[in-house]
Structure formats: C-alpha cells, structure tokens
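Overview (structure and organization)
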Amino acid sequence: DAGVIQSPRHEVTEMGQEVTLRCKPISGHNSLFWYRQTMMRGLELLIYFNNNVPIDDSGMPEDRFSAKMPNASFSTLKIQPSEPRDSAVYFCASSLGGQGAGETQYFGPGTRLLVL
Amino acid sequence: AQSVAQPEDQVNVAEGNPLTVKCTYSVSGNPYLFWYVQYPNRGLQFLLKYITGDNLVKGSYGFEAEFNKSQTSFHLKKPSALVSDSALYFCAVRDNGRDDKIIFGKGTRLHILP
C-alpha cells in the first residue's frame, strides 16, 4: 500500500486566497484525521471522520476552515480566506476501525502551507 | 478529561548510552497509550502501543515502553542509543471507555550525540 497520500506537499499563497488540501487515506481504513502542526502549538487535531461522517470538529479554528469527506478514499481541508497565521504543516492520518478501538493512526507526509 | 504530558522539551544522550523519554497521562478509565516518532520533514510514524496485557511493550527500531499504572506513566526507552534515533517523539493517549479522540503530547526532541 502507498500509505496516506497528501497533496500538495508544499503550498505558498497570499493572504485572502482559498487553499485546498487533499488527502487519500489507506484503502480499507474507516477513520480519517486532519492535524495541524506549528512550533508554537505543537500537533493539534482539527477534525476527524468515521465512515465518512465528521465526528468531532471541535478543533477547527474558525469558520474559515472546512473539511469534507465525500467518499471513503478522499478528503479535503479548505481554508477560505487564508491568513498568515494559518501557516503550518497540515497532516492527514487514517486508521482502521472506529470508536473504541486501540487503532494505530498512519500519517501522511504533510502539506507545508505558507500564507504570505 | 484525558491528557498527556511530556515534561522534557529536549533530551540529549550520548551514542551507545541508554535513553528514556518520559510521558505521563491522565484518563478517567483505562488508557490506550502510543508512541510516535517524527523525523525532519516527515509525518509521524507509529513506534509502539499499549492496549492491555504485558506492561512492557516492544516496538520498532529497538524501542520499548513500560506501562506503569500506579505512576500513570508510559516512558519510552532504548538500551543503546543511535545517532539515527535523533528525532521528535510524541506520546499519545486515549481513554478506552469513552468515544474520545487520541490526544498527543507536545513532543520531546531527542538528540543523540556522536
């Protein structure tokens, strides 16, 4: 298996522009997670899905952030409009199994976002 | 609420010496505990986990961790450090009695000195 695939790997944009990050989870995995990593705040869970349904989006910073999972093999994280403080590395992870399991999360390589 | 703490931002160890990266946790029920490692410009990689059973868990790259319920700790250890072990290490916890997400610690940067 190719593992979790994220695109793009790097994104540079200007403040106010829309940014869309993409993720393809490992085939057969039922849960998908979006994380943000910064030096100041460390690793933060933004949202996670189970069987394509958003379970907990309490980590989403504000209304400028939205995430979708239209099917089991694809998810997007969108920022509109983007701001310089959104600059971070965004990771997608997936795991087998749903709630209540001690499942291991498998992380993608991340998207490094820079908002100028 | 569940939480996890990694009290050391950085740990320095000489190559060949044993290493320990500390982690303590707090949950209301029984914990699931994890260690992940992150190399530069890479995503997190799973090292090992404790779900139930033997308190000593062995994982990838010669790492192991010991679950200590009385001290609510899950310290990561390796008998002999390699320079290639230098990376950022994350401890994570989940309360297995609740539908809660996994919580990651802030990470500990491990430097192995040649």
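See the structure above.
What you see is a predicted model; the values in this text were computed from it and never measured. (Residues numbered from 1 in each chain as written. Chains lettered and ligands numbered in written order. Predicted model: local features only at pLDDT ≥ 70, side-chain atom pairs only at ≥ 80, totals over all residues. Heavy atoms only, no water.)

1. A word on the overall build of chain B
Secondary structure summary: chain B contains zero helices and twelve strands in total. Each helix and strand of chain B, placed in order from N terminus to C terminus, yields the pattern β-β-β-β-β-β-β-β-β-β-β-β. Considering only C-alpha atoms, chain B reaches an extent of 45 × 30 × 20 Å along its principal axes. Counting every position in chain B, which comprises 114 residues, the buried fraction comes to 45%. Long-range pairs, those at least 24 residues apart, make up 56% of the contacts in chain B with a sequence separation of at least 6. Summing over all exposed atoms, chain B offers an accessible surface of approximately 5500 Å²; the carbon and sulfur share of this is 48%. (Helix = DSSP H or I, 4+ residues; strand = E, 2+ residues; numbered from the N terminus. Buried < 20%, exposed > 50% of the residue type's maximum accessible area, 1.4 Å probe, protein only. Contact = heavy atoms within 4.5 Å. Areas by Shrake-Rupley, 256 points an atom, 1.4 Å probe, with all protein chains shown as cover.)

2. A look at the state of the cysteines
Residue and element names in this part refer to chain A. Inspection of the entire model under this criterion finds two disulfides over all chains. Between the sulfur atoms of cysteine 23 and its disulfide mate cysteine 92 the distance is 1.9 Å. The chirality of the disulfide connecting cysteine 23 with cysteine 92 is left-handed, given an S-S dihedral of about -65°. Here cysteine 92 lies in strand 9 (residues 88–95) and cysteine 23 lies in strand 3 (residues 19–24), a separation of 69 residues in the sequence. Here cysteine 23 and cysteine 92 have matching classes, each one buried. (Disulfide = S-S within 2.5 Å.)

3. Quick notes on the sheet that holds strand 7 (residues 65–71) of chain A
All names here are of chain A. Overall, antiparallel pairing links the four strands, which are arranged 1-3-8-7 in an open sheet. The two strands at the open ends of the sheet, each matched to only one other strand, are strand 1 (5–7) and strand 7. Ignoring which end each strand starts from, the neighbouring axes of this sheet average 15° apart. (Pairing = 2+ DSSP bridges. Axes fitted to C-alpha atoms, helices over the stretch in contact; angles between N-to-C directions.)

4. Considering the packing of aromatic side chains
Tallying each qualifying case throughout the model produces 13 aromatic pairs over all chains. Ring centres of A:Phe33 and A:Tyr48 lie 5.4 Å apart, and the angle between their planes is 25°; on these two criteria the pair is classed as stacked. Taken together, the positions of A:Phe33 in strand 4 (residues 31–38) and A:Tyr48 in strand 5 (residues 42–50) put the pair 15 residues apart, joining distant regions of the chain. Of the two residues examined, A:Phe33 and A:Tyr48, each falls in the buried class. On the basis of an interplanar angle of 90° and a centroid distance of 5.5 Å, the ring pair of A:Tyr35 and B:Phe104 is categorised as edge-to-face. On the criterion of chain membership, the pair formed by A:Tyr35 in strand 4 and B:Phe104 in strand 11 (residues 103–104) is interchain, its members lying in two chains. With respect to burial, A:Tyr35 and B:Phe104 carry one shared label: buried. (Phe/Tyr/Trp six-rings, centres within 6.5 Å; stacked < 30°, edge-to-face > 60°.)

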